[in-house]
Amino acid sequence: MLLKNLIRNLKPEVAALKIKGISFDSRSIKKGDLFVSIKGDKFDGNDYINQATSKGAKVIVHSRSIKKNKKTTFIKFKDTRNILAKLSTRYYKNKPKNIIAVTGTNGKTSVSDFFYQIFMLQKKKSGFIGTLGFRKNKLLKRRNLTTLDSLTLNKDLDEMKRSGINNVIIEASSHGLKQKRLDFLKVKVGIFTNLSHDHLDYHKDMKDYLRSKLLLFKSLLREKGTVITDTDIKQYGAIKKIQRKRKLKIFTIGSKSNTFEVLNHKIFKNFQSLEIKYNKKIYRLKINLYGSIQIKNLLMAVLASKICGLKIKNVFEKIEKIKSVEGRLELMRILPNQSKIFLDYAHTPDALKNAILSLREHFQKKITVVFGCGGERDKSKRKLMGKVAKKYCDKIYITDDNPRNENPKKIRKDIMRGLKNSTAKEIGNRKKAILYALKNSVPHEIILIA
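Residues numbered from 1 in each chain as written. Predicted model: local features only at pLDDT ≥ 70, side-chain atom pairs only at ≥ 80, totals over all residues. Heavy atoms only, no water.

Visitor: Residue-level account of the overall build of the protein, with values.
Guide: Within the protein, the secondary structure is distributed over 14 helices and 21 strands. Relative to the globule expectation of 22 Å for 450 residues, the C-alpha radius of gyration of the protein, 24 Å, shows essentially globular dimensions. If one aligns the C-alpha atoms of the protein with their principal axes, the spans along those axes are about 75 × 55 × 40 Å. With 450 residues in all, the protein has 53% of them scored as buried. Here the protein displays about 22,100 Å² of accessible surface, and carbon together with sulfur accounts for 49% of that area. Charge separation in the protein, taken as the distance between the mean sites of 101 positive and 39 negative side-chain charges, equals 4 Å. (Helix = DSSP H or I, 4+ residues; strand = E, 2+ residues; numbered from the N terminus. Rg over C-alpha atoms; globule rule 2.2 N^0.38 Å. Buried < 20%, exposed > 50% of the residue type's maximum accessible area, 1.4 Å probe, protein only. Areas by Shrake-Rupley, 256 points an atom, 1.4 Å probe, with all protein chains shown as cover. Lys, Arg positive; Asp, Glu negative; His and termini not counted. Charge placed at Lys NZ, Arg CZ, Asp CG, Glu CD.)

Visitor: If you had to explain the pattern of salt bridges to someone new, which residues and values would you point to?
Guide: One pass over the structure, following the stated rule, counts 22 salt bridges. Between Glu-406 and Lys-379 there is a salt bridge, and its shortest N-O distance comes to 4.0 Å. Taken together, the residues Glu-406 in the loop between strand S19 (395-398) and helix H13 (408-416) and Lys-379 in the loop between strand S18 (367-371) and helix H12 (380-392) connect sequence positions 27 residues apart. A residue is classified by how much of its surface remains accessible, and Glu-406, at 12% relative accessible area, is buried. What makes Lys-379 partly exposed here is its relative accessible area of 46%. Put simply, Arg-417 and Asp-414 hold a salt bridge, and the shortest N to O gap is 2.5 Å. Given a relative accessible area of 42%, Arg-417 falls into the partly exposed group. Here the residues in one salt-bridge network are Lys-379, Arg-382, Glu-406, Lys-410, Asp-414 and Arg-417, joined through shared partners. (Salt bridge = Lys/Arg side-chain N within 4 Å of Asp/Glu carboxyl O.)

Visitor: A description of helix H7 (residues 206-220) should follow, citing residues and the corresponding values.
Guide: Because the α-helix completes a turn every 3.6 residues, residues three or four places apart line up on one side. In this model H7 runs 21 Å from its N-terminal to its C-terminal C-alpha over 15 residues, within 8% of the 21 Å that 1.5 Å per residue would give. Of all bends in H7, the biggest is about 40 degrees, found at Leu-214. For H7, the complete set of buried residues consists of Asp-208, Tyr-209, Leu-210, Ser-212, Lys-213, Leu-214, Leu-216, Phe-217 and Leu-220. The inward-facing, buried residues of H7 abut strand S5 (98-103), helix H4 (108-121), helix H6 (174-178), strand S10 (187-192), strand S11 (221-230) and helix H8 (236-246). (Expected span 1.5 Å × (residues − 1). Bend = angle between axes of the 7 residues up to and from the residue. Contact = heavy atoms within 4.5 Å.)

Visitor: Help me get a handle on the environment of Asp-350, residues and values and all.
Guide: One can find Asp-350 in helix H11 (residues 349-362). Once residues within four sequence positions are removed from consideration, Asp-350 is found in contact with Asn-106 and Ser-196.

Visitor: Explain the sheet that holds strand S4 (residues 73-76) residue by residue, including any values.
Guide: Backbone hydrogen bonds are what pair the strands of a sheet, in a parallel or an antiparallel way. In space, the four strands of this open sheet follow the order S1-S2-S3-S4, with parallel pairing throughout. Looking at strand neighbours, the two that pair on one side only are strand S1 (22-23) and S4, the edges of this open sheet. The sheet contact formed by strand S3 (residues 59-62) and S4 spans four bridges and is parallel. Bridge pairing in S4 links Val-59 to Thr-73. The strands touched by helix H3 (residues 80-91) within the sheet are S1, strand S2 (34-36) and S3, with S2 carrying the most contacts at an inclination of about 145 degrees. (Pairing = 2+ DSSP bridges. Axes fitted to C-alpha atoms, helices over the stretch in contact; angles between N-to-C directions.)

Visitor: Report on helix H5 (residues 150-162), specifying residues and quantitative values.
Guide: End to end, H5 covers 18 Å across 13 residues, agreeing with the expected 18 Å (1.5 Å per residue, within 8%). All of the buried residues in H5 are Ser-150, Leu-151, Leu-153, Asn-154, Asp-156, Leu-157, Asp-158 and Met-160. As for H5, its buried residues are in contact with S1, H3, S5, strand S6 (127-130), strand S7 (133-136) and strand S9 (167-171). Taking the backbone nitrogen of Leu-151 as reference, a side-chain oxygen 3.1 Å away marks Asp-149 as the first, capping residue of H5. Where H5 terminates, the next one or two residues include Gly-164, which has phi positive at roughly 85 degrees. (Polar contact = N/O pair within 3.5 Å; in protein donor to acceptor, adjacent residues only side chain to side chain.)

Visitor: Run through the nonpolar core, naming residues and quoting values.
Guide: Generally speaking, soluble globular proteins have nonpolar side chains that are buried together. Within the largest apolar cluster, 40 residues are counted, with the highest numbers of intra-cluster contacts made by Ile-191, Phe-260, Phe-316 and Ile-319. Looking at this core, the elements with two or more residues in it are S5, H4, S10, strand S14 (272-278), strand S15 (281-287), helix H9 (292-307) and helix H10 (312-317). Here this core gets nine residues from one element, more than from any other, and that element is H9. Residues Leu-153, Leu-177, Leu-185 and Leu-220 belong to the second largest nonpolar core, which totals 31 residues. (Core = buried A, V, L, I, M, F, W, Y, C linked by side-chain atoms within 4.5 Å.)

Visitor: Report on the environment of Asn-82, specifying residues and quantitative values.
Guide: Turning to its location among the elements, Asn-82 is positioned in helix H3. The spatial distance from the C-alpha of Asn-82 to the C-alpha of Ile-319 is 40 Å, given a sequence separation of 237 residues. When sequence neighbours within four positions are dropped, the list of residues in contact with Asn-82 reads Lys-180, Asp-183 and Phe-184.

Visitor: Residues and numbers for the side chain of Arg-181, please.
Guide: Within the secondary structure, Arg-181 sits in the loop between H6 and S10. The buried charged residue Arg-181 lacks any salt bridge partner; its closest oppositely charged side chain belongs to Asp-149, at an N-O distance of 7.4 Å. Reaching out from Arg-181, the side chain makes a polar contact with the side chain of Gln-179 at a distance of 2.6 Å.

Visitor: So what's going on with the sheet that holds strand S17 (residues 340-343)? Which residues, and what values?
Guide: Read from one edge to the other, the open sheet built from six strands follows the order S16-S17-S21-S18-S19-S20, with strand pairing classed as mixed. Both outer strands of the open sheet, strand S16 (330-334) and strand S20 (425-426), are each paired with one neighbouring strand and no more. Judged from the four bridges that link them, S18 and S19 form a sheet pairing that is parallel. Note on S19: the bridge partner recorded for Phe-371 is Ile-398. In the packing of H12 onto the sheet, contacts are made with S18 and S19, and the angle to S18 comes to roughly 160 degrees.

Visitor: For the packing of H11 against H12, give the residues involved together with the corresponding values.
Guide: Between H11 and H12, the least distance of the axes is 9 Å, while the angle of their chain directions is 15 degrees. One way to sum up the angle between H11 and H12 is to call them roughly parallel. Here H11 and H12 pass one another in a crossing that is right-handed. Contacts between H11 and H12 involve Pro-349, Leu-352, Lys-353, Ile-356, Leu-357 and Arg-360 from the former and Lys-381, Leu-384, Met-385, Val-388 and Tyr-392 from the latter. (Parallel < 35°, antiparallel > 145°, perpendicular 65-115°, else oblique. Left-handed = near helix turned anticlockwise from the far one by under 90°.)

Encoded structure:
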């Protein structure tokens, strides 16, 4: 691609340069590429410019004063993250017609997966990009991040469009939003699920955490775009304020919903029934999911699919076929003593509480939890998660959960501070902790591995 199609207002001789590719990783640079130096938390891309030029980078986009050479073109910008996002959207210019972005502490993956399932049940092409990976129709590629870097994100969207996919949902993490990874995408629908304690190792405080989430609605949602949220969350007022100021459309769930009226909701052992009013018509639905929180996630996905052109009547006809999402209150096994084992990726105090209470809604039985906390992440939530387990569980096993380079004993000790005067058992080896919980289960016990 000609450089003038990526960066405006260049000198004619520079504008005419041909770029073979873009990268912000000096190790992957090939001859003729453009290298963007990004300053991260641990590494500064400006320190790797020499490596990029030695590998054949034709153009360097940088943010600080550096030593230059005559063979390479250097272009300085104050904010290279912003520039990387802009270059990415221009280089990979094909995009699906309907891009949905969902943010919030909990529920992003469930909303995304439900949206995808809804389209597949209607035999329509669909895709999502998030925690579970990159899903294009029935193809799934595993990924490491919830929200990808802007270059990979735009490449994925380009690939989806070329495959004929026009409806895609993206999980937008607070890190991804703050680091401008979604900048310049024309987002049609922005979904806000909820906000609770998380990522305070990265964000200064809860205000900064919320501010990052709200960037989706303040900056990224296109003109005449649509907001989907829950009227029962504390942040509803802040979202409503942005929606009014920007004259965006809004669809809501919750007790003051402007779209659905829930007339009746019953929870049974292995399913839920819902009586819901929409456009003066009443629908009676059977939903094969655990936890009332998943009803909220599902209804948000239904609203997003409606905005993308599906008829709610058709969606409701197939809603019984919606399956639980991998690692989200997923029933893994029933033991010979009829104990049920559930897996949930709960890693925040609120998510753990929701998972436990969701199981209590369905089963009036003893609940056992096996969990730990990740290393080198928000340390302040460890004690809080211990308190949640103590309050809502009958048996507790504290174990390791990806300690990274941190001492796992210290992590467990932090959790145990919230479990004073409890009968919680500490078993560092995760496999042993799970086996111990299973072997010591009583008939019909509910075991949550979080």
